[in-house]
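Reading the structure
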Amino acid sequence: MFDKILIANRGEIALRVARTCRELGIKVVAVHSTEDRESAVVPYADESVQIGPAPAKRSYLKIPAIIEAALRSGAEAIHPGYGFLSEDADFAQVCRDNGLVFIGPPPEVIARLGDKTAARALMTQAGLPLLPGSVEPLRSAEEAHELANQIGYPVIIKAAAGGGGRGMRVVHDSADFTAAYRETRAGAQAFFGDPRVFVERYLPTARHIEIQILADSYGNVVHLGERDCSVQRRHQKLVEESPAPHVPAGLIDRMGAAAVAGAKAAGYVGAGTFEFLLSPSGEFSFMEVNCRIQVEHPVTEMVLGMDLVAEQLRIAVGERLSLTQDDVQLRGSAIECRINAENPEKDFTPAPGLLVEFVPAGGPFVRVDTHGYSGYRMPATYDSLLAKLVVWAPTRDEAISRMDRALGEFRIAGPGVHTTIGFLRQVLLSSAFRAGVHDTALVEQIFAQRRSLPTGSPAITHLSGVA
Amino acid sequence: MTDQGSTGRTRGEQDGSTRPTYISPQRNRDAEPPAPDTTVLLDKVRSTVRLLLGELNHPPRALRVHAGDVTFDLEWEPPGSGEAPVHAAAPPEVPEPAGSDAPPDWRYVNAPTVGVFYHRPEPSAPPFVEEGSVVSAGQQVGIVEAMKLMIPIVSEHAGRVAAMLKQNGDSVEYDEPLVALTDLEAV
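Computed from a predicted structure; not experimentally measured.

**Some remarks on the overall build of chain B**
For chain B, the helix and strand inventory stands at one helix and 13 strands. Reading chain B from its N end, one meets helices and strands in the order β-β-α-β-β-β-β-β-β-β-β-β-β-β. Nonlocal contacts in chain B, meaning residues at least 24 apart in sequence, comprise 53% of its contacts between residues at least 6 apart. As displayed, chain B offers around 10,700 Å² of accessible surface, 50% of which is attributable to carbon and sulfur atoms.

**Details of helix 15 (residues 442-449) of chain A**
Residue and element names in this part refer to chain A. Listing the buried residues of helix 15 in full gives Leu-442, Val-443 and Ile-446. The buried side chains of helix 15 occupy one side of the element, clustering within an arc of 95° when seen end-on. Turned more than 90 degrees from where helix 15 packs its buried face, Glu-444 and Ala-448 sit exposed. Summarising the contacts, the buried residues of helix 15 are in contact with strand 10 (221-233), strand 11 (236-242), helix 13 (421-429) and helix 14 (431-435).

**Structural notes on the interface of chain B and chain A**
Counting residues at the interface gives 23 residues for chain B, matched by 36 residues for chain A. Joining chain B to chain A, the criterion identifies zero salt bridges. Connecting chain B to chain A are three residue pairs in polar contact (both at pLDDT 80 or more). Secondary structure elements with two or more residues in the side of chain B that touches chain A: strand 1 (7-12), strand 2 (21-27), helix 1 (38-55), strand 7 (115-118) and strand 9 (140-146) of chain B.

**Comments concerning the packing of helix 13 of chain A against helix 15 of chain A**
Residues and elements named next belong to chain A. Between helix 13 and helix 15, whose axes approach to 11 Å, the crossing angle comes to 100°. Accordingly, the angle class assigned to the pair helix 13 and helix 15 is roughly perpendicular. Seen from helix 13, the contacting residues are Phe-423, Gln-426 and Val-427; seen from helix 15, they are Leu-442, Val-443, Ile-446 and Phe-447. Counted by class, the contact of helix 13 with helix 15 contains six nonpolar, one polar and no charged residues.

**Re the sheet that holds strand 2 (residues 27-33) of chain A**
Residues and elements named next belong to chain A. Overall, parallel pairing links the five strands, which are arranged 3-2-1-4-5 in an open sheet. The two strands at the open ends of the sheet, each matched to only one other strand, are strand 3 (47-52) and strand 5 (101-102). Sheet topology note: the strand 2/strand 3 ladder contains five bridges and is parallel. In the sheet register, Ala-30 faces strand 3, and the bridge partner there is Ser-48. Most of the contacts of helix 1 (residues 11-23) go to strand 1 (residues 4-7), to which it runs at about 170°, and overall it touches strand 1, strand 2 and strand 4 (77-79).

**Examining the sheet that holds strand 6 (residues 155-163) of chain A**
All names here are of chain A. The strand order across the open sheet built from three strands is 7-6-8, with neighbouring strands paired in antiparallel fashion. The open sheet is flanked by strand 7 (166-171) and strand 8 (197-201), the only strands paired with a single partner. Between one strand axis and the next, the sheet turns through 25° on average, direction left out of account. Here five bridges tie strand 6 to strand 8, and the two strands are oriented antiparallel to one another. Note that in strand 8 the partner of Ile-157 across the bridge is Val-199. Against the sheet, helix 8 (residues 177-192) engages strand 6, strand 7 and strand 8, with an angle of about 15° to strand 6.

**A few points about the side chain of Lys-388 of chain A**
All names here are of chain A. Within the secondary structure, Lys-388 is located in strand 19 (residues 385-393). The class for Lys-388 is buried, based on a relative accessible area of 0%. Within the structure, the side chain of Lys-388 is placed 2.7 Å from the backbone oxygen of Val-295, a separation counted as a polar contact. Aside from chain neighbours lying at most four places away, what touches Lys-388 is Glu-12, Val-295, His-297, Pro-298, Glu-336, Cys-337, Arg-367, Val-368 and Asp-369.

Rules behind the numbers
- Residues numbered from 1 in each chain as written.
- Chains lettered and ligands numbered in written order.
- Predicted model: local features only at pLDDT ≥ 70, side-chain atom pairs only at ≥ 80, totals over all residues.
- Heavy atoms only, no water.
- Helix = DSSP H or I, 4+ residues; strand = E, 2+ residues; numbered from the N terminus.
- Contact = heavy atoms within 4.5 Å.
- Areas by Shrake-Rupley, 256 points an atom, 1.4 Å probe, with all protein chains shown as cover.
- Buried < 20%, exposed > 50% of the residue type's maximum accessible area, 1.4 Å probe, protein only.
- Arc of directions from axis to C-beta.
- Salt bridge = Lys/Arg side-chain N within 4 Å of Asp/Glu carboxyl O.
- Polar contact = N/O pair within 3.5 Å; in protein donor to acceptor, adjacent residues only side chain to side chain.
- Axes fitted to C-alpha atoms, helices over the stretch in contact; angles between N-to-C directions.
- Parallel < 35°, antiparallel > 145°, perpendicular 65-115°, else oblique.
- Nonpolar A, V, L, I, M, F, W, Y, C, P; charged D, E, K, R; others polar.
- Pairing = 2+ DSSP bridges.

Written out as structure tokens, the structure is:
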């Protein structure tokens, strides 16, 4: 096993990865920007290196600074977490060129799957079902428009270099297509440095079901079951659960088999996630592959009793998978809520600040992944994810009750600080979610209904006027 | 599956500086990991103290830093006293101007990136500057190497080198103070 690794990330995931390293006896090097000096992973790590100022471009995305920190500290491998450089094929290559193990797939696999059009073509070849759409780069607005007319509206235009729900536009009418196409290309160029887009049929309501896979470097691939991530706001996940409620018998086996076939076709190595959409008529379609550990991985860990970061490290150091598909048995029900420092009353604008009070939930089968602590000044520079609250219970109903109990006792307060805790409780208590018949339209429906918070909630969600 | 550890932080302000000063970490002792190698700890505290002092306009009268089993106690002589400063436990290598009565007004030249700091343009050449050298604004005082790229380190201000804060060949972090300069008028 590695002697020392560098974690090229921040916030909750950096601490989460560091904890597994400590359990495995691996020394941890944390990197941080000037703004993250007080972040929880810094004192936790065995060594820390300040790599740049606050802006991510000059710190967490600055490849030379991270590689230099790794080489000087004697780290053998780099764990990229999620976001930042985790799906940057160039970074994976630079690691390799400098004798560092990148904990993730090979650079050429990342490059191919990161190009969503190329990924669609590959998965089509591998026999996965896809929604009708382009599998070749679109050469002109006219060609794209013609294809959209053939597919039938509504269609969605997506950035080929995008992913994670960003850089997408839905077109309901042929008359609106050309303008939307140009706007999406411009946005793609601005956000991802690559204007290429693809067109796909759009499902107005669907369930987002993803399959976790593990692949070693010997061609062995297993799937670790599914996660239902249908609770989303503007394509950003808020609540995730495993197993997916109320799916037809055999569906998950078929989706799992498709993910395994896709992973093998891609030459995937490591932990990855195959995202699918499940249509109201019960058909699943491939969306994209995420070539990294995901935010919501704890949900799978809880229903399997496995440490996915430990599995990533074992794969990276050249071990074979220790389990076969038959060994994979999901048990009970796990739910994760992402607690963001955002104000739901003000369109979810970020609301970070000094956390005067930070008392996480606890108790039986409750897990909190967070970099927050009392007295922590949460920076405004980075994303608003403050904590992941994960619960497990033998049944889904019990997991929902346990999650409501845990959300109710989680105390986060500070001047100007708001969190989404109250909103998450609303979601969990909605009849559609409780019945497990919700889809990606749930959050919009909740806004439309404008229900009030459950009574008796003891949670203090914000303080004001604290000096 | 609950998270037992918690880390408290205290913050304070010193010397009227508007930047918060990191004073002492407090840890949940029950959840403390085994004591790390003392040398690593000393190194870490030393570089933290340097960084901390680099943020302040004037060195404080006194500073105490706890980390694990290591405690640093630093005192600076009050103005007008001719006595040498008092050290306790492991004295850090924070340089002081020899024979000075008042706290020095130091300016710092900091690392623009992570890398390795060199005093010389090449191993066989004389160093760019050394303690006591007079430096003009815009003069090169060193090199930081990062990923085979040699980045010239240039002093923004004129002054006299009070100390080379990092050794030739030391690894440096972003913004770490490398060279301390005093005003040319100071004796």
